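Here is what each chain is made of, one letter per residue.
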Amino acid sequence: MQGSFKTEAIVLRSIRYAEADRVLHLYSSTRGRLNAIAKGSRRPRSRFGGRLEPFFRLDLVLYQGRGELATVTAAHTLDAYPNLRENGPSLSAGARACDSVLRLLDVAEANPAAYSLLCRYLSLLDGTEPGSGRSPALPEIDGAAGHATALAFRLKLALTAGFAPELASCARCGEVRELSGFSAAAGGVVCAACERGGFELSHEAHDFMVEALGNPLAAAPSGSARALRQAERAITETLEHHAHVQLRAAA
Ligand SMILES: [Zn+2]
């Protein structure tokens, strides 16, 4: 499809290219993953200014020619997430989120749920999510609460990519009681009789994952360090096994 088009997008990665250009790895609202070149954007008086940096949410006009890269012809800032940039834990959580999207959602196809999830998480890390009640100081992004929210983001991202683990019944036999293990190969929680080949999953870790998927991101449940570790292992192994994707540690 050649020609000009408009889309909203988040900059996942911005790479210096040639003498004065940038190559942008974008997650767009209308076409999913997209790569684009912004010519001359590193010149001092570039019309793009400083807005082609990671995490910016932009309104873009792009031109798709015959090559793989689209060309950025216009860019307007919709959200710069300025607080996120000034807060170390928010910045690294945002970077891990963008990295997860790069690894897990590499298809050039609209996925509105994934796009709005990423926007919502960046707003939350910026302290501007409506109704989150967070101050721009963002103390909750650090430590256990930040880890819990990062895992909730990953679980929801896995869901938008079609890789959410089975949590309601044993992924091997369908049993709904005594769900005490997790098996990535089976695709989710497993009962005591089917636990072989999986690992032990506490009730707390299981509940955490169910609530994290059911609640809005801003209301991610809390969990003990042990439960969060188990939940992270379950998510990580599920994505390795089924999506063939290895994510960096969540926190
Ligand atoms: Zn079973």
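Heads up: these notes are all about the structure in this document. Values in this document were obtained by computation on a predicted structure and should not be read as measured data.

### A word on the overall build of the protein chain
Phase 1: Within the protein chain, the regular secondary structure consists of six helices and eight strands.
Phase 2: Going from the N terminus to the C terminus, the protein chain shows its helices and strands as β-β-β-β-β-α-α-α-α-β-β-β-α-α.
Phase 3: Scaling as 2.2 N^0.38, a compact globule of 251 residues should have a C-alpha radius of gyration of about 18 Å, and the protein chain matches this with 20 Å.
Phase 4: By principal-axis analysis of the C-alpha atoms, the protein chain measures approximately 65 × 40 × 30 Å.
Phase 5: The buried share of the protein chain, taken over its 251 residues, is 49%.
Phase 6: Partitioning the intrachain contacts of the protein chain with sequence separation of at least 6 by distance along the chain shows that 57% fall at a separation of at least 24.
Phase 7: Total accessible area computed for the protein chain in this model is approximately 11,900 Å², and 49% of it derives from carbon and sulfur atoms.
Phase 8: Taken as two groups, the 28 positive and 26 negative side-chain charges of the protein chain have centres that lie 9 Å from each other.

### With respect to the coordination of the zinc ion
Phase 1: Coordination of the zinc ion by the protein is provided by Cys170 (SG), Cys173 (SG), Cys191 (SG) and Cys194 (SG), with metal-donor distances spanning 2.3 to 2.4 Å.
Phase 2: Its four donor atoms give the zinc ion angles of 103 to 117° at the centre, a pattern that matches the tetrahedral case.

### Focus on empty space enclosed by the protein
Phase 1: Tallied over the full model, the rule gives one cavity of 30 Å³ or more.
Phase 2: Counted as a void, the largest cavity has a volume near 50 Å³.
Phase 3: Forming the walls of the largest cavity are Ala93, Arg96, Ala97, Ser100, Tyr121, Ala150, Phe153, Arg154 and Ala250.
Phase 4: Among the elements of the structure, α2 (88–104) and α4 (143–160) are those that each provide at least two residues to the lining of the largest cavity.
Phase 5: A total of four residues in the lining of the largest cavity trace back to one element, the largest contributor, which is α2.
Phase 6: Each residue belonging to the lining of the largest cavity can be placed in one class, and the counts come to six nonpolar, one polar and two charged.

### Quick look at unusual backbone geometry
Phase 1: The residue Ala18 is not glycine, and still its phi comes out positive at about 50°.
Phase 2: For Glu178, which is not glycine, the phi dihedral falls at a positive 50°.
Phase 3: Here Glu178 is to be found in the loop between α4 and β6 (179–183).
Phase 4: Classification of Glu178 as exposed rests on a relative accessible area of 63%.

### Structural notes on the pattern of salt bridges
Phase 1: On inspection of all chains with the given rule, the structure shows seven salt bridges.
Phase 2: The salt bridge partner of Asp99 is Arg248, with a shortest N-O separation of 3.8 Å. Of the two residues, Asp99 sits in helix α2 while Arg248 sits in the segment after α6 (225–243), which places them 149 residues apart along the sequence.
Phase 3: Judged by its relative accessible area of 41%, Arg248 is partly exposed.
Phase 4: Salt-bridge contacts for Arg233 lead to Glu237; the nearest nitrogen and oxygen are separated by 2.8 Å.

### Looking at the nonpolar core
Phase 1: Counting 58 residues, the largest nonpolar core has Leu118, Tyr121, Phe153 and Met209 as its most contacted members.
Phase 2: Looking at this core, the element that brings in the most residues is helix α3 (residues 112–126), giving nine residues.
Phase 3: Excluding residues that lie within four positions of it along the chain, Tyr121 makes contacts with Ala93, Ala97, Thr149, Ala150, Phe153 and Leu217.
Phase 4: Membership of the second largest hydrophobic core comes to 17 residues, among which are Phe5, Ala9, Val11 and Leu60.

### A closer look at the sheet that holds strand β3 (residues 32–38)
Phase 1: Spatially, the five strands close up into a barrel ordered β1-β2-β3-β5-β4, and their pairing is mixed. When the angles between neighbouring strand axes are averaged without regard to direction, this sheet yields 50°.
Phase 2: Of the strand pairs in this sheet, strand β1 (residues 3–17) and strand β2 (residues 21–28) are connected by eight bridges, and their pairing is antiparallel. Paired with Val11 across the two strands is Leu26, which belongs to β2.
Phase 3: Set on the sheet, α2 makes contact with β1, β2 and β3; between it and β1 the angle comes to about 115°.
Phase 4: Across the sheet, α3 lies against β1, β2 and β4 (57–64), angled at about 50° from β1, the strand it touches most.

### Brief notes about α4
For an α-helix the count is 3.6 residues per turn, leaving residues at separations of three or four pointing the same way.
Phase 1: Taking 1.5 Å of rise per residue, 18 residues should cover 26 Å, and α4 covers 26 Å from first to last C-alpha, within 8% of that figure.
Phase 2: With 13 of its 18 residues buried, α4 lies for the most part within the structure.
Phase 3: Where α4 terminates, the next one or two residues include Gly162, which has phi positive at roughly 85°.

### A word on the sheet that holds β6
Phase 1: Pairing within the open sheet is antiparallel, and its three strands lie in the order β7-β6-β8. Where the open sheet ends on each side, the last strands, each with one partner, are β7 (188–191) and β8 (199–200).
Phase 2: Across four bridges, the pairing between β6 and β7 is antiparallel. Each bridged residue has a counterpart across the sheet, and for Ser183 the counterpart in β7 is Gly188.

Reading the values: rules and limits
What you see as residue numbers is a count from 1 along each chain, following the sequence as written. Local features in this predicted model are restricted to residues of pLDDT 70 or higher, and side-chain atom pairs are both shown and tallied only at a pLDDT of 80 or more, whereas totals for entire chains, interfaces and linings draw on every residue. The basis for every side-chain value is the complete set of heavy atoms in the structure, and neither hydrogens nor water enter the calculation. Segments assigned H or I by DSSP are reported as helices when at least four residues long, segments assigned E as strands when at least two residues long, and all are numbered from the N terminus. The atom set for the radius of gyration is the C-alpha atoms, and the globule formula is 2.2 Å times the number of residues raised to the power 0.38. Any residue under 20% of the maximum accessible area for its type is buried, any over 50% is exposed, and the rest in between are partly exposed; the area is computed with a 1.4 Å probe on protein chains only. In this analysis, two residues are considered to be in contact whenever any of their non-hydrogen atoms come within 4.5 Å of each other. Method for areas: the Shrake-Rupley scheme with a 1.4 Å probe, in which residue coverage is limited to the protein chains shown. For this count, His and the chain ends are skipped, Lys and Arg are scored as positive, and Asp and Glu as negative. Lys charges are placed at NZ, Arg charges at CZ, Asp charges at CG and Glu charges at CD. Ligating atoms shown are N, O and S within 2.8 Å of the metal, or 3.2 Å for Na, K and Ca, and water is not included, meaning a site may look less than complete. When four donors show all angles between 85 and 135 degrees the site is tetrahedral, when four or six donors have opposite pairs over 155 degrees and all other angles between 65 and 115 it is square planar or octahedral respectively, and in every other case it is irregular. Cavities and pockets are found on a 1 Å grid laid over the protein atoms alone: a cavity is a set of points where a 1.4 Å probe fits but cannot escape, a pocket is an open set with protein on both sides within 12 Å along at least five of seven lines, and a lining residue has an atom within 4 Å of such a point. Grid points are joined across faces, edges and corners, and a volume is the space filled by probe spheres set on the points. Residues are grouped as follows: Ala, Val, Leu, Ile, Met, Phe, Trp, Tyr, Cys and Pro are nonpolar; Asp, Glu, Lys and Arg are charged; all remaining types, including Gly, are polar. Salt bridge, as used here: a side-chain nitrogen of Lys or Arg that lies within 4 Å of a carboxyl oxygen of Asp or Glu. Residues belong to a common nonpolar core when they are buried Ala, Val, Leu, Ile, Met, Phe, Trp, Tyr or Cys residues joined through side-chain atoms within 4.5 Å. Strands are labelled as partners when DSSP assigns at least two bridges between them. Where helices are involved, their axes are fitted lines through C-alpha atoms of the stretch in contact, as for all axes, and angles between N-to-C directions lie from 0 to 180°. To estimate the expected span of a helix, subtract one from its residue number and multiply by 1.5 Å.

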